[in-house]
Amino acid sequence: MSWSVVIPGLVLPGKNDVTRWHWAKQRRETKRVRDAIMRTPCPKGKPLEHAAVKLTIYGPYRHDRHSIWIEDVLDGIVARPIKRWANERRWGLIVDDKPSVIGMPEVEVIKAPAYSVRIQVDERP
């Protein structure tokens, strides 16, 4: 099973910027990215328990993939429980973003005039 989601207009901050922010600003940024991801039409189906994740980031970024903050994007595709004790989950493509579930995500940055993020999730054994 393979899913692909494109989020047009999603701008990602740099790692150095985020690490200097106050915790409340970091939380607002995480919410902004998650809301942008949740507004996109999602594929139907159960979140994957073992997956390979590839992020393709488009935009006029100056730096390489190691300087872009991708953690919020990974948090945004995790299916969150509706309630703490419930097994039912909200929108999401993967069960968790731990390395045991997704391994190391593949990240590619492509120079482009407009910002966009493409998330591709492939099921792995």
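Since we're looking at a predicted model, the values are computed, not measured.

Participant: Tell me about the packing of aromatic side chains, and please be specific about residues and values.
Facilitator: Throughout the structure, instances matching the rule amount to 1 aromatic pair. Ring centres 5.4 Å apart and planes at 75° place the aromatic pair Tyr-61 and Tyr-115 in the edge-to-face group. Note that Tyr-61 is positioned in the loop between β2 (51-59) and α3 (71-76) and Tyr-115 in the loop between β3 (106-111) and β4 (116-123), a separation of 54 residues in sequence. Its relative accessible area of 10% is what places Tyr-61 among the buried residues. Take Tyr-115: its relative accessible area is 30%, and that puts it in the partly exposed class.

Participant: Go over the pairing of β4 with me, naming the residues and quoting the values.
Facilitator: Bridge analysis of strand β1 (residues 2-8) against β4 gives 7 bridges, and the strand direction is antiparallel. Across the sheet, Pro-8 pairs through a bridge with Ser-116, a residue of β4. Pairing of β2 with β4 involves 8 bridges; the strand directions are antiparallel. Looking across to β4, one finds that Ala-52 is bridged to Asp-122.

Participant: So what's going on with the environment of Val-53? Which residues, and what values?
Facilitator: Following the sequence through the fold, Val-53 ends up in strand β2. Spatially, the C-alpha atoms of Val-53 and Asp-122 are 6.6 Å apart, while their sequence positions differ by 69 residues.

Participant: Hey, could you go over the pattern of salt bridges for me, with residue numbers and the actual values?
Facilitator: It is possible for side chains of opposite charge to pair when their charged atoms get near one another. The final tally for this structure, using the stated rule, is 4 salt bridges. A salt bridge links Asp-96 to Lys-98, with the nearest nitrogen and oxygen atoms 3.9 Å apart.

Definitions and cut-offs
- Residues numbered from 1 in each chain as written.
- Predicted model: local features only at pLDDT ≥ 70, side-chain atom pairs only at ≥ 80, totals over all residues.
- Heavy atoms only, no water.
- Phe/Tyr/Trp six-rings, centres within 6.5 Å; stacked < 30°, edge-to-face > 60°.
- Helix = DSSP H or I, 4+ residues; strand = E, 2+ residues; numbered from the N terminus.
- Buried < 20%, exposed > 50% of the residue type's maximum accessible area, 1.4 Å probe, protein only.
- Pairing = 2+ DSSP bridges.
- Salt bridge = Lys/Arg side-chain N within 4 Å of Asp/Glu carboxyl O.

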